[in-house]
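Here are the chains, one letter per residue:
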Amino acid sequence: AFVPAWTIARQMSEVTYFVGNHFLFQPPQESREKTAFGLVFTRGQRWDFLPSYYRLLAPGRGIAVTEKVHFVGNTSWVCVEEMRDPSTNQLMATGTYQRVNVDAATRRPKPLPDWLKERFSHLMSSKSRLTTVQPFDVQKSSNSFQYSVTVAPSDTDSNHHTNQANYVLYCMDSASLGARSNAYSLIRGDLSNYKLKMFEVLYQKESQEGDRLDVESWDDQDSPDTVRVQVRKGSDHITQMTMQFYLPSAKL
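Residues numbered from 1 in each chain as written. Predicted model: local features only at pLDDT ≥ 70, side-chain atom pairs only at ≥ 80, totals over all residues. Heavy atoms only, no water.

**Digging into the overall build of the protein chain**
Next, step 1: The helix and strand inventory of the protein chain stands at four helices and nine strands.
Next, step 2: Starting at the N terminus and ending at the C terminus, the protein chain contains elements arranged as α-β-α-β-β-β-α-β-α-β-β-β-β.
Next, step 3: Against the 2.2 N^0.38 benchmark of 18 Å for 252 residues, the protein chain shows a C-alpha radius of gyration of 19 Å, consistent with a compact globule.
Next, step 4: Judged by the C-alpha coordinates and their principal axes, the protein chain covers about 60 × 50 × 35 Å.
Next, step 5: Across the protein chain, every contact between residues at least 6 apart in sequence was considered, and the portion connecting residues at least 24 apart equals 69%.
Next, step 6: Working note: accessible area of the protein chain is about 12,600 Å², and carbon and sulfur atoms make up 49% of it.
Next, step 7: Here the protein chain contributes 28 positive and 27 negative side-chain charges, whose respective centroids are spaced 4 Å apart. (Helix = DSSP H or I, 4+ residues; strand = E, 2+ residues; numbered from the N terminus. Rg over C-alpha atoms; globule rule 2.2 N^0.38 Å. Contact = heavy atoms within 4.5 Å. Areas by Shrake-Rupley, 256 points an atom, 1.4 Å probe, with all protein chains shown as cover. Lys, Arg positive; Asp, Glu negative; His and termini not counted. Charge placed at Lys NZ, Arg CZ, Asp CG, Glu CD.)

**Side note on the sheet that holds strand β6 (residues 195-203)**
Next, step 1: If you walk across this open sheet you meet the nine strands as β2-β3-β4-β1-β6-β9-β8-β7-β5, and the pairing is antiparallel. The sheet is open, and its two edges are formed by β2 (64-72) and β5 (145-150), each paired on a single side. Each neighbouring strand pair of the sheet contributes to a mean axis angle of 20°, computed without reference to strand direction.
Next, step 2: In this structure, strand β1 (residues 39-49) lies alongside strand β4 (residues 91-102), joined through ten bridges in antiparallel fashion. Bridging across to β4, T42 finds its partner in R99.
Next, step 3: Along the sheet, helix α1 (residues 5-24) makes contact with β1, β2, β3 (76-84), β4 and β6, crossing β4 at roughly 55°. (Pairing = 2+ DSSP bridges. Axes fitted to C-alpha atoms, helices over the stretch in contact; angles between N-to-C directions.)

**Remarks on the pattern of salt bridges**
Next, step 1: Taken as a whole and assessed by the stated rule, the structure comprises ten salt bridges.
Next, step 2: D214 is paired through a salt bridge with R212; the nearest N and O atoms lie 3.2 Å apart.
Next, step 3: Here E216 makes a salt bridge to R232, at a shortest N to O gap of 3.0 Å. Of this pair, E216 sits in strand β7 (residues 212-220) while R232 sits in strand β8 (residues 223-233), and the two are 16 residues apart along the sequence. Here E216 and R232 have matching classes, each one buried. (Salt bridge = Lys/Arg side-chain N within 4 Å of Asp/Glu carboxyl O. Buried < 20%, exposed > 50% of the residue type's maximum accessible area, 1.4 Å probe, protein only.)

**Some words on the pairing of β3**
Next, step 1: In terms of burial, β3 is a largely internal element, seven of the nine residues being buried.
Next, step 2: In the sheet, β2 pairs with β3 via eight bridges, with the strands oriented antiparallel. Bridging from a neighbouring strand, V69 pairs with C79 of β3.
Next, step 3: Hairpin connection from β2 to β3: three residues lie between these consecutive antiparallel strands.
Next, step 4: Where β3 lies against β4, nine bridges are found, and the strand directions are antiparallel. Residue pairing in the sheet places C79 in a bridge with Y97 of β4.
Next, step 5: Linking β3 back to β4 in an antiparallel pair, the connection comprises six residues, with N89 at a positive phi of about 65°.

**A word on α1**
Next, step 1: What α1 keeps buried is the set A5, I8, A9, M12, S13, T16 and G20. Angular distribution of buried residues about the axis of α1 spans 150°; they occupy a single face of the element. (Arc of directions from axis to C-beta.)

**Structural notes on the packing of α1 against helix α4 (residues 164-180)**
Next, step 1: Between α1 and α4, the least distance of the axes is 9 Å, while the angle of their chain directions is 170°. Comparing the axis directions of α1 and α4 gives the class roughly antiparallel. The hand of the α1/α4 crossing is right-handed. Residues W6, R10 and S13 of α1 touch α4, and the partners they reach there are Q164, A165, N166, V168, L169 and M172.
Next, step 2: In the contact of α1 with α4, the residues fall into five nonpolar, three polar and one charged. (Parallel < 35°, antiparallel > 145°, perpendicular 65-115°, else oblique. Left-handed = near helix turned anticlockwise from the far one by under 90°. Nonpolar A, V, L, I, M, F, W, Y, C, P; charged D, E, K, R; others polar.)

**As for the environment of S249**
Next, step 1: Relative to the elements of secondary structure, S249 occurs in the segment after β9 (236-246).
Next, step 2: Judged by relative accessible area, which is 68%, S249 ranks as exposed.
Next, step 3: The sequence separation of S249 and S223 amounts to 26 residues, and the corresponding C-alpha distance is 15 Å.

**Considerations on the confidence of the model for the protein chain**
Next, step 1: Across the protein chain, pLDDT averages 89, with 95% of residues at or above 70.
Next, step 2: Within the protein chain, the lowest mean pLDDT, 77, falls on α1, and the highest, 97, falls on β9. (pLDDT = per-residue confidence, 0-100.)

Here you go:
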């Protein structure tokens, strides 16, 4: 048995948020009465799962996780997580998160506090910048799979919008149903037969409790081991997700 990659990714999102708030971004003593951020929104995340992830990780087995700040900009920052096997130190997966400081009233990006920029000034140069998740063109295809979901109260968080982790579930559900319906050329049948190699998510706009979301998925014509998903609310683009799978013929 192995731990589904998206389960780990959802849990690691909470870990990186906790580590950032309680350790990496603790204000200096003279600024302790001030909060470091307004609201914190995740703009994008990417996870890469090596074959060792599926060989070494199993339910009940421990992992070693490291996190570091890789880049700090004017309103956002990028953190990188590594998951390793504690006995061999073998790398199993890497995750990259871009988060944005947001004004609670306007819901627009807000500059980071000066003390934080000063603390991480060595990470503010362009040399430290990583390539972050970028939008893809929505392909109009007659073979796409259509799925709809209504945001439940339990899908929202303290920011009064749909929690970013639930979009991963919406997209995975769409891909699972699409594969079962043979909507894709290579990824067909039971999606659990395909191990996830990479996924990345771009969060474009917000949705709230009670919103109906239309989730459309299709396989990439140039890379049929890849499924792309677009989440919409009416005409608004809410979230994009790309998933790449190891094909059954691949040796893990």
